[in-house]
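What follows is the residue order along each chain.
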Amino acid sequence: MRADLFAENPITADMSLMSGSDEFETVSGLARSDDVSEITAFLATGPSIPVPLANNTFIVKVPRARQPFRLVAYDSEHRVI
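Below is a summary of the structure that appears in this document. (Residues numbered from 1 in each chain as written. Predicted model: local features only at pLDDT ≥ 70, side-chain atom pairs only at ≥ 80, totals over all residues. Heavy atoms only, no water.)

**Comments concerning the sheet that holds strand β7 (residues 69–74)**
- Taken in spatial order, the 3 strands of this open sheet run β4-β3-β7, and their pairing is antiparallel. The open sheet has two edge strands, β4 (48–51) and β7, and neither has a second partner. The mean inter-strand angle of the sheet, taken between neighbouring strand axes irrespective of direction, is 25°.
- By the bridge criterion, 6 bridges tie strand β3 (residues 38–43) to β7 in an arrangement that is antiparallel. Within the sheet, the bridge partner assigned to F42 lies in β7 and is R70. (Pairing = 2+ DSSP bridges. Helix = DSSP H or I, 4+ residues; strand = E, 2+ residues; numbered from the N terminus. Axes fitted to C-alpha atoms, helices over the stretch in contact; angles between N-to-C directions.)

Printed below as a string of structure tokens:
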């Protein structure tokens, strides 16, 4: 199962609603080893949110009103991977 986790993407993510509010969705996940050095969430309305990445894990709150969104992973030379 672990070998399949990153078979198609350099990151894996899961979404959940924060309790008490439906304004934001919490997106959390894992990045494939050190291949990923940066992640950005691009929102449907145009702006983007830098996603904090530490120890190959990430968590970010995404405004539900600006969905859908896309997570994009970059390598150390800022190339999309």
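Anyway, onward from the coordinates.
**Section: the nonpolar core**
- Grouped together as the largest cluster of nonpolar side chains are 14 residues, with contacts concentrated most on I11, I39, V51, F58 and L71.
- Mapped onto this core, the elements with two or more residues apiece are β2 (24–31), β3, β4, β6 (57–63) and β7.
- Excluding anything up to four places from it in sequence, I39 contacts I11, P50, V51, L53, F58, L71, V72 and A73. (Core = buried A, V, L, I, M, F, W, Y, C linked by side-chain atoms within 4.5 Å. Buried < 20%, exposed > 50% of the residue type's maximum accessible area, 1.4 Å probe, protein only. Contact = heavy atoms within 4.5 Å.)

**Digging into the environment of A73**
- Positionally, A73 belongs in strand β7.
- Judged by its relative accessible area of 3%, A73 is buried.
- Apart from residues no more than four positions distant in its own chain, A73 is found in contact with P10, I11, V36, E38, I39, R79, V80 and I81.

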